[in-house]
Amino acid sequence: DKIKVDFTVPSTQLNGLTVGAEIQASSGLLDGEIFTGRLTAMDSRIDPTTRSMLLRAEIDNQSGELIPGMLMQIVVKGASREVLAVPEESITQKQEKHFLTLVGSSNKAKLRRVEIGLRRDGLVEIRKGLEVGERVIVRGMGMVRPGSPVSIKKTWTSIDDRSSAIAQAR
């Protein structure tokens, strides 16, 4: 009635994963049909070679469509969380430190050190150093120095606007 699926997850993606989390599985052999199940076990350590952890899930297989040894694509539905994120291109790195160039209330540039988190799909999580509503220069950071005036050519109202926006600083 159930089938066990063993798979690995990179250690960078383990935050918030717990036994009992929902998973979705699909196989190219079954025309994109989605099977749901639950995470039932997590290994006790991270593999030092691959930097990943072995997980096990159980999927309902009363229909008998899933066959042992079948290749599956697994999506683990982890706990959702809200984070501040900026496009990767807005981050300036100096040695091991990360900085954002912000536009202050008087339209002057200022450099601020930030602590970054996870990266995904061209976005970087900002854990410390940025508040909601602050304006970040995304393009043209190399053209401004702290304290110099900034002329805003395009403002993004959401992160999805980045594909069509061109921001320039002077």
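Computed from a predicted model, the values in this text were never measured in an experiment.

## Some points on the sheet that holds strand S3 (residues 35-42)
Strand pairing in a sheet is mediated by backbone hydrogen bonds. Such pairs are either parallel or antiparallel.
Point 1. The sheet built from five strands is open, its strands ordered S1-S4-S3-S2-S5 with antiparallel pairing. Either end of the sheet is taken by a strand with one partner, and the two such strands are strand S1 (2-10) and strand S5 (73-77). Going across the sheet, the axis of each strand differs from the next one's by a mean of 35°, ignoring polarity.
Point 2. With five bridges connecting them, S3 and strand S4 (residues 52-60) associate as antiparallel partners.

## Some details on the environment of Leu30
Point 1. Along the chain, Leu30 turns up in the loop between strand S2 (22-26) and S3.
Point 2. Sequence-distant contacts of Leu30, defined by excluding residues within four places in its chain, comprise Phe35, Glu65, Leu66 and Met70.

## Some words on the pattern of salt bridges
Point 1. Under the counting rule described, the total for this entry stands at six salt bridges.
Point 2. Between Arg127 and Glu125 there is a salt bridge, with its nearest N and O atoms 3.8 Å apart.
Point 3. Overall, Glu125 belongs to the buried group, its relative accessible area being 8%.

## Re unusual backbone geometry
Most peptide bonds are trans, and most residues other than glycine sit at a negative phi.
Point 1. The backbone of Gln95 shows a phi angle near 55°, a positive value even though the residue is not glycine.
Point 2. Within the secondary structure layout, Gln95 lies in the loop between strand S7 (91-94) and strand S8 (97-103).
Point 3. Judged by relative accessible area, Gln95 falls into the exposed class, the value being 72%.
Point 4. With a phi angle near 55°, Asn107 is a residue other than glycine that sits in the positive phi range.
Point 5. Residue Asn107 is classed as partly exposed on the basis of its relative accessible area, which comes to 34%.

## Section: the confidence of the model for the chain
A low pLDDT means the predicted coordinates there should not be read in detail.
Point 1. Taken over all residues, the pLDDT of the chain has a mean of 85, while the share at 70 or more is 91%.
Point 2. Low pLDDT, under 50, characterises residues 163-170; the predicted model gives this stretch 23 contacts beyond four residues in sequence or across chains.

## Notes on the nonpolar core
Soluble, globular proteins show a tendency: their nonpolar side chains are buried together.
Point 1. One finds Phe7, Val9, Leu55, Ile59 and Leu66 to be the most contacted residues of the largest nonpolar core, which totals 18 residues.
Point 2. When contributions to this core are tallied by element, the ones reaching two or more residues are S1, S2, S3 and S4.
Point 3. Setting aside residues up to four positions removed in sequence, Leu55 forms contacts with Val5, Asp6, Phe7, Val9, Leu17, Leu39, Ala41 and Met42.
Point 4. Listed in part, the nine residues of the second largest apolar core include Leu100, Ile116, Ile126 and Leu130.

## Observations regarding the packing of aromatic side chains
Point 1. Applying the stated rule across the entire model yields zero aromatic pairs.
Point 2. One Lys or Arg, Lys94, reaches over the ring of Phe99 and ends 5.6 Å from the middle of that ring.

## Remarks on the environment of Gly142
Point 1. The topology assignment puts Gly142 in the segment after strand S11 (135-136).
Point 2. Between the alpha carbons of Gly142 and Thr92 there is a distance of 9.1 Å; along the sequence they are 50 residues apart.

## A closer look at the side chain of Glu125
Point 1. Mapping Glu125 onto the fold places it in strand S10 (residues 123-128).
Point 2. Setting aside residues no more than four positions away along its own chain, Glu125 makes contact with Arg81, Val83, Leu84, Ala85, Glu115, Ile116, Gly117 and Leu118.

## Examining the environment of Ser27
Point 1. If you trace the backbone, Ser27 turns up in the loop between S2 and S3.
Point 2. Residues Ser27 and Trp156 lie 129 residues apart in sequence; the distance between their C-alpha atoms is 38 Å.
Point 3. Setting aside anything within four residues of it in sequence, one finds Ser27 in contact with Gly32, Glu33, Met70, Leu71 and Met72.

Quick notes on the rules
Residues numbered from 1 in each chain as written. Predicted model: local features only at pLDDT ≥ 70, side-chain atom pairs only at ≥ 80, totals over all residues. Heavy atoms only, no water. Pairing = 2+ DSSP bridges. Helix = DSSP H or I, 4+ residues; strand = E, 2+ residues; numbered from the N terminus. Axes fitted to C-alpha atoms, helices over the stretch in contact; angles between N-to-C directions. Contact = heavy atoms within 4.5 Å. Salt bridge = Lys/Arg side-chain N within 4 Å of Asp/Glu carboxyl O. Buried < 20%, exposed > 50% of the residue type's maximum accessible area, 1.4 Å probe, protein only. pLDDT = per-residue confidence, 0-100. Core = buried A, V, L, I, M, F, W, Y, C linked by side-chain atoms within 4.5 Å. Phe/Tyr/Trp six-rings, centres within 6.5 Å; stacked < 30°, edge-to-face > 60°. Lys NZ or Arg CZ within 6 Å of the ring centre and 35° of its normal.

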